[in-house]
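# Residue-level structural notes
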Amino acid sequence: MFETFKVRNIFVPKTKQMLWGIACWVMFFLGFSLILYPFFDLDTPNGAYWYQISNFCASFILTSICFLPFLRESIAVTNFRNLPLQVLIGYGIEFVMAYAVTIALFFVRRALGEESVNVNQETVEALVHQNPLPMFICTCFLAPITEECLARGMIFAPICKNSPFWAYLLSTLVFSGLHVLASIGEASVYNIIELLLTYLPSGIALGWMYQRSGTIIGSIALHCVMNMISMIYILLLF
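Counting starts from 1 at the beginning of each chain's written sequence and moves along it residue by residue. Residues qualify for local features only when their pLDDT is at least 70, as the model is predicted, and side-chain atom pairs are given and counted only at 80 or more; totals for whole chains, interfaces and linings, by contrast, use all residues. Side-chain figures throughout are based on the complete set of non-hydrogen atoms in the structure, without hydrogens or water.

## Quick look at the overall build of the chain
Note the threshold: Labels follow the DSSP assignment, with helices taken as runs of H or I lasting at least four residues and strands as runs of E lasting at least two, numbered in each case from the N terminus. This radius of gyration counts C-alpha atoms alone. The globule rule is 2.2 Å times how many residues there are, raised to the power 0.38. Burial classes follow relative accessibility: with a 1.4 Å probe on protein chains only, a residue under 20% of its type's maximum area counts as buried, one over 50% as exposed, and anything between as partly exposed. A contact between two residues is defined here by any heavy atoms of the two lying within 4.5 Å. Here the Shrake-Rupley method, with its probe set to 1.4 Å, supplies the accessible areas, and only the displayed protein chains count as covering residues. None of His or the chain ends enter the tally, which takes Lys and Arg as positive and Asp and Glu as negative. Positions of charges follow a simple convention, taking NZ of Lys, CZ of Arg, CG of Asp or CD of Glu.
Check the secondary structure of the chain and you find nine helices and zero strands. Reading the secondary structure of the chain in the N-to-C direction produces α-α-α-α-α-α-α-α-α. Its C-alpha atoms give the chain a radius of gyration of 18 Å, near enough to 18 Å, the size a compact globule of 238 residues would have. Reported as C-alpha extents along the three principal axes, the dimensions of the chain are approximately 45 × 45 × 30 Å. Counting across all 238 residues of the chain, residues that qualify as buried make up 45%. Across the chain, contacts joining residues at least 24 apart in sequence account for 82% of those joining residues at least 6 apart. A total accessible area of about 12,400 Å² is found for the chain, and carbon and sulfur atoms account for 71% of it. Within the chain, the 13 negative side-chain charges are centred at a point lying 20 Å from the centre of the 11 positive side-chain charges.

## Structural notes on the pattern of salt bridges
What counts is decided by this rule: Think of a salt bridge as a Lys or Arg side-chain nitrogen and an Asp or Glu carboxyl oxygen that are within 4 Å of each other.
Within this structure, the stated rule accounts for four salt bridges. When the shortest N-O distance is used, the salt bridge between E3 and K6 registers 3.6 Å. For the pair formed by E3 and K6, the shared burial category is exposed. Between R152 and E148 there is a salt bridge, with the nearest N and O atoms lying 2.7 Å from each other. One end of the pair is R152 and the other is E148, both in helix α6 (residues 132-160) and four residues apart, which spans about a single turn.

## A short note on a nonpolar patch on the surface
For clarity, the cut-off: Each patch is built from residues that are more than 30% exposed by relative accessible area and take part in no salt bridge. Like charges join if they lie within 9 Å; nonpolar side chains (Val, Leu, Ile, Met, Phe, Trp, Tyr) join within 5 Å.
A contiguous nonpolar patch, built from F95, V96, Y99, I103, F106 and F107 and spanning about 630 Å² of accessible area, is present on the exposed surface. When you line up the elements, V96 lands in helix α4 (residues 83-112).

## Structural notes on the packing of α6 against helix α9 (residues 216-237)
We count it as follows: Between the N-to-C directions of two axes lies an angle of 0 to 180 degrees, each axis being a line fitted to C-alpha atoms and, for a helix, fitted only over the stretch in contact. Working rule for handedness: look at the near helix, and if it is turned counterclockwise from the far one by less than a right angle, call the crossing left-handed; if clockwise, right-handed. Ten residues, namely Ala, Val, Leu, Ile, Met, Phe, Trp, Tyr, Cys and Pro, are considered nonpolar, four, namely Asp, Glu, Lys and Arg, are considered charged, and the remaining ones, Gly among them, are considered polar.
Between α6 and α9, whose axes approach to 9 Å, the crossing angle comes to 145°. Between α6 and α9 the crossing geometry is right-handed. Residues belonging to the contact of α6 with α9 are distributed by class as follows: 15 nonpolar, five polar and three charged.

## Regarding the packing of helix α1 (residues 15-36) against α6
Our working definition: For classification, angles of less than 35 degrees are called roughly parallel, those exceeding 145 degrees roughly antiparallel, those between 65 and 115 degrees roughly perpendicular, and all remaining angles oblique.
The geometry of α1 relative to α6 is characterised by a closest axis approach of 11 Å and an angle of 135° between their N-to-C directions. When the axes of α1 and α6 are compared, the pair comes out oblique. For the crossing formed where α1 meets α6, the hand is left-handed. Note on element contacts: α6 touches α1 through T146, L150, A151, G153, M154, I155 and P158, opposite M18, G21, I22, C24, W25 and F28.

## Regarding the packing of aromatic side chains
Here is the rule we go by: Classification of ring pairs rests on two measures: the distance between centres of Phe, Tyr or Trp rings, Trp counted by its six-membered ring, which must be within 6.5 Å, and the angle between planes, read as stacked under 30 degrees, edge-to-face over 60 and tilted in between. Look at NZ for Lys and CZ for Arg. If either is within 6 Å of the ring centre and within 35 degrees of the ring normal, a charge sits over the ring.
Tallying each qualifying case throughout the model produces 13 aromatic pairs. Measuring from ring centre to ring centre gives 5.8 Å for F11 and F70, while their planes differ by 5°; the resulting arrangement is stacked. Of this pair, F11 sits in the segment before α1 while F70 is found in helix α3 (residues 68-77), placing the two residues 59 residues apart along the sequence. Between the aromatic rings of W25 and F28, the centroid separation amounts to 6.1 Å while the plane-to-plane angle is 85°, which identifies the pairing as edge-to-face. With W25 and F28 both in helix α1 and three residues apart, the pair spans about one turn of that helix. Given a relative accessible area of 13%, W25 falls into the buried group. Taken together, F5, F156, Y168 and Y210 form an aromatic cluster joined through their ring pairs. The residue whose ring lies beneath R152 is F175, and the NZ or CZ to ring-centre distance is 4.6 Å.

## Let's talk about α6
The following threshold applies: To estimate the expected span of a helix, count its residues, drop one, and scale the result by 1.5 Å.
When the terminal C-alpha atoms of α6 are compared, their 37 Å separation across 29 residues is substantially less than the 42 Å that a helix rising 1.5 Å per residue should span. Among the 29 residues in α6, 21 count as buried, and that is most of the element.

## Notes on helix α8 (residues 189-213)
If you check α8, its first and last C-alpha atoms are 37 Å apart, about what 25 residues at 1.5 Å a residue would give, namely 36 Å. Within two residues after α8, G214 carries a phi angle of roughly 90°, on the positive side.

## A few points about the confidence of the model for the chain
Condition: Every residue gets a pLDDT, meaning the predictor's confidence in that residue, from 0 to 100.
Overall, the prediction assigns the chain a mean pLDDT of 92, with 99% of residues at 70 or greater. Per-element mean pLDDT across the chain ranges from 82 in helix α5 (residues 119-130) up to 97 in α3.

Here is the structure:
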């Protein structure tokens, strides 16, 4: 299992897809927010909800179009027979690391007298309970494809060819940063650092899954499973 972290021979997007990916990043961060903003009343729960759903869908559509040849070729070379076991192991890696980080942060938080704040998680929970089905589809299927293409496909894969260590470091920091953006300005510096650490296990496990399966299909599959379990947990317990 640990030898997988050294694997460099993985399927990487071609230069053309990488260049289109830059446009996807720009639209993901800013473009769609500005374009869609005038069409929704963000002061109402319903308007804010469909604004978020529209952002999910628009980012997915653009990313899927730009990376379609890469995704199609990845599917062709993926060994689907081994994929379920690899996903199970990948989820186990994420679960163990996440549990260890949670315990460590609990003691640090108690020692410092800080409270845990996760604006991203709170937003997801609110959106899920407002209208579960569209949010379930976006979170469990559309978002994993978009985020994996941008974080693992554009950052992890090409860097991993030369240095797996830097591939993990940079892609995981970017992936964690994506989930922390909503908390900037709403949480303390401690909470921001805590959130970055909270998402590190997922980033590491998804990188491992990419190496283990050899293609981005593996990390997409694991990401879908991770988000699906999280969504089921939210629906059942909150």
